[in-house]
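Next come the chains, spelled out residue by residue.
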Amino acid sequence: MPAIWSFDAPADGAPSLGAAAVSALLDCASAPPSAARLLAAVRAVVPVEYLSLVGFRRDTPELVEGSSRHTHERDVVAECFAIYRRSYWRSDALVRLADRVARRPAREVAVLHCRADELPVAGWRNEIYRRERLTDRFTLLHAPAPGAVQAIHLYRDERQGLFQPDEIQRLLGLAPLLRQAHQASLAAGAVAADRQAQVARARDRLQRLGPALSPREAEVVARIACGLGAEGIAAELDVAPSTVVTLRKRAYAKLAEAGLPADRLRLARWLA
């Protein structure tokens with residue numbers, strides 16, 4: 001029978017995290033969701049071979065992203081999820097637990113641990129766990145918004161062996177913090193997506209109304225209008241900050257010659 005825990009804060013006596021784990025959690029929280037960053041945070045506490053991010057839409061699991069400790073010729077996470085999604089997800093106790101989590105406060109987190117030999121369907125054990133030599137799965141479930149359940153699956157293989165009791169205790173201590181980091185990363189992703197949409201709208205309006213800016217100049221001006229500085233623009237466009245400054249000067253000169261706004265505040269109003 002799979003073991004299930006539910007809580008909204010680290011348990012009393014939970015192991016303290018080292019500097020590497022804290023740093024990895026901060027990396028997760030400060031950027032859009034990344035399976036690789038989450039895997040790095042977990043691996044700073046407990047060895048894990050695979051991590052998959054799964055969302056639930058109308059109670060149906062959908063793979064968001066997967067990551068692996070090692071480089072593989074195949075996308076193991078995607079292949080295994082496709083088999084699971086096609087044939088076995090309805091037999092997973094996780095689905096019923098996800099339905100419960102969807103109705104609970106966003107601060108809560110539920111955790112499920114299941115060994116390969118506990119899986120209720122032989123095909124599931126054989127086609128996924130035995131084929132990939134997986135031993136068990138440790139899952140964290142939370143609802144960052146009402147009804148929007150997210151799962152973080154951690155998998156061990158035969159090289160690492162089953163999760164041991166002390167490792168499970170460390171993961172239970174990590175779970176609420178990992179949930180907070182994941183929720184923060186989801187929020188960061190939403191902000192980034194909204195900014196990209198704003199940049200796209202500003203760039204389209206520039207192309208319709210502006211002078212003959214080069215494509216790169218338009219990219220820079222659109223981001224200036226959306227409030228980004230030279231360093232941020234350089235990071236997004238993968239160029240040096242000095243290149244951004246040069247493109248900005250050229251673009252502003254063209255805008256001024258055409259009698260159009262050539263400073264940040266007026267650009268923001270004009271391109272809004």
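Refer to the structure above for everything that follows.
Residue positions are counted from 1 within each chain, in the order its sequence is given. At least 70 in pLDDT is required for a residue's local features to be given in this predicted model, at least 80 for side-chain atom pairs to be given and counted, and no such filter applies to totals for whole chains, interfaces and linings, which use all residues. Calculated side-chain values reflect all of the structure's heavy atoms, with hydrogen atoms and water omitted.

**Some words on the nonpolar core**
Part 1 of the argument: Within the largest apolar cluster, 30 residues are counted, with the highest numbers of intra-cluster contacts made by Phe56, Tyr84, Val101, Trp124, Ile128, Tyr129 and Leu141.
Part 2 of the argument: The set of elements that each furnish at least two residues to this core consists of β2 (50–57), α3 (76–87), α4 (93–102), β4 (109–115), α5 (122–130), β5 (134–145) and β6 (148–157).
Part 3 of the argument: Runs of E in the DSSP output that reach at least two residues are strands. Runs of H or I that reach at least four are helices, and both are numbered from the N terminus. Considering each element in turn, this core owes the most residues, 6 residues, to α3.
Part 4 of the argument: In what follows, residue pairs with any heavy atoms lying within 4.5 Å of each other are defined as contacts. Dropping the residues within four chain positions of it, tyrosine 129 is found in contact with Ala116, Leu119, Trp124, Leu134, Asp136, Arg137 and Tyr155.
Part 5 of the argument: Ranked by size, the runner-up nonpolar core spans 28 residues in total, among them Ala41, Leu53, Leu174 and Leu178. Buried Ala, Val, Leu, Ile, Met, Phe, Trp, Tyr and Cys residues form a nonpolar core when they are joined through side-chain atoms within 4.5 Å. For the exposure calls, accessible area comes from a 1.4 Å probe over protein chains only, and a residue counts as buried if that area is under 20% of its type's maximum, exposed if over 50%, partly exposed in between.

**Examining the packing of helix α1 (residues 19–29) against helix α2 (residues 35–43)**
Part 1 of the argument: One can describe the packing of α1 onto α2 by two numbers: an axis separation of 8 Å at closest approach and a directional angle of 160°. With respect to α2, the element α1 is oriented roughly antiparallel. The handedness of the crossing between α1 and α2 comes out as left-handed. Contacts from Ala24, Leu25, Asp27 and Cys28 of α1 reach α2 at Arg37, Leu38, Ala40 and Ala41.
Part 2 of the argument: Residues belonging to the contact of α1 with α2 are distributed by class as follows: 6 nonpolar, no polar and 2 charged. Between the N-to-C directions of two axes lies an angle of 0 to 180 degrees, each axis being a line fitted to C-alpha atoms and, for a helix, fitted only over the stretch in contact. Relative orientations are named as follows: roughly parallel for angles under 35 degrees, roughly antiparallel for angles over 145 degrees, roughly perpendicular for angles from 65 to 115 degrees, and oblique for any other angle. The handedness criterion is simple: a crossing whose near helix is rotated anticlockwise from the far helix by less than a right angle is left-handed, and one whose near helix is rotated clockwise is right-handed. Each residue gets one label: Ala, Val, Leu, Ile, Met, Phe, Trp, Tyr, Cys and Pro are nonpolar, Asp, Glu, Lys and Arg are charged, and the others, such as Gly, are polar.

**Considerations on the pairing of strand β3 (residues 60–68)**
On any regular strand, side chains alternate: one points to one face of the sheet, the next to the other face.
Part 1 of the argument: Pairing between two strands requires that DSSP report at least two bridges joining them. Alignment of β2 against β3, held across 8 bridges, turns out to be antiparallel. What sits directly across from glycine 55, in β3, is glutamate 62.
Part 2 of the argument: Connecting β2 to the antiparallel partner β3 that follows it, the hairpin turn spans 2 residues, and arginine 58 within it adopts a positive phi of roughly 50°.

**Focus: the pattern of salt bridges**
Opposite charge on two side chains allows them to pair when their charged atoms are near.
Part 1 of the argument: Salt bridge, as used here, is a side-chain nitrogen of Lys or Arg placed within 4 Å of a carboxyl oxygen of Asp or Glu. Under the defined criterion, the tally for this structure stands at 17 salt bridges.
Part 2 of the argument: Here glutamate 167 and arginine 156 are joined by a salt bridge, their closest N and O atoms 3.1 Å apart. Of this pair, glutamate 167 sits in helix α6 (residues 165–209) while arginine 156 sits in strand β6, and the two are 11 residues apart along the sequence.
Part 3 of the argument: In this structure, arginine 223 engages glutamate 219 in a salt bridge whose closest nitrogen and oxygen atoms are separated by 2.5 Å. Of the two residues, arginine 223 and glutamate 219 both sit in helix α7 (residues 215–225), 4 residues apart, roughly one turn of that helix.
Part 4 of the argument: When its relative accessible area of 6% is taken as the criterion, arginine 223 is described as buried.
Part 5 of the argument: Salt bridges here are not isolated pairs; linked through shared partners, they connect Arg74, Glu79, Arg131 and Glu132.

Geometric descriptors of this kind do not, in isolation, establish any biological role.
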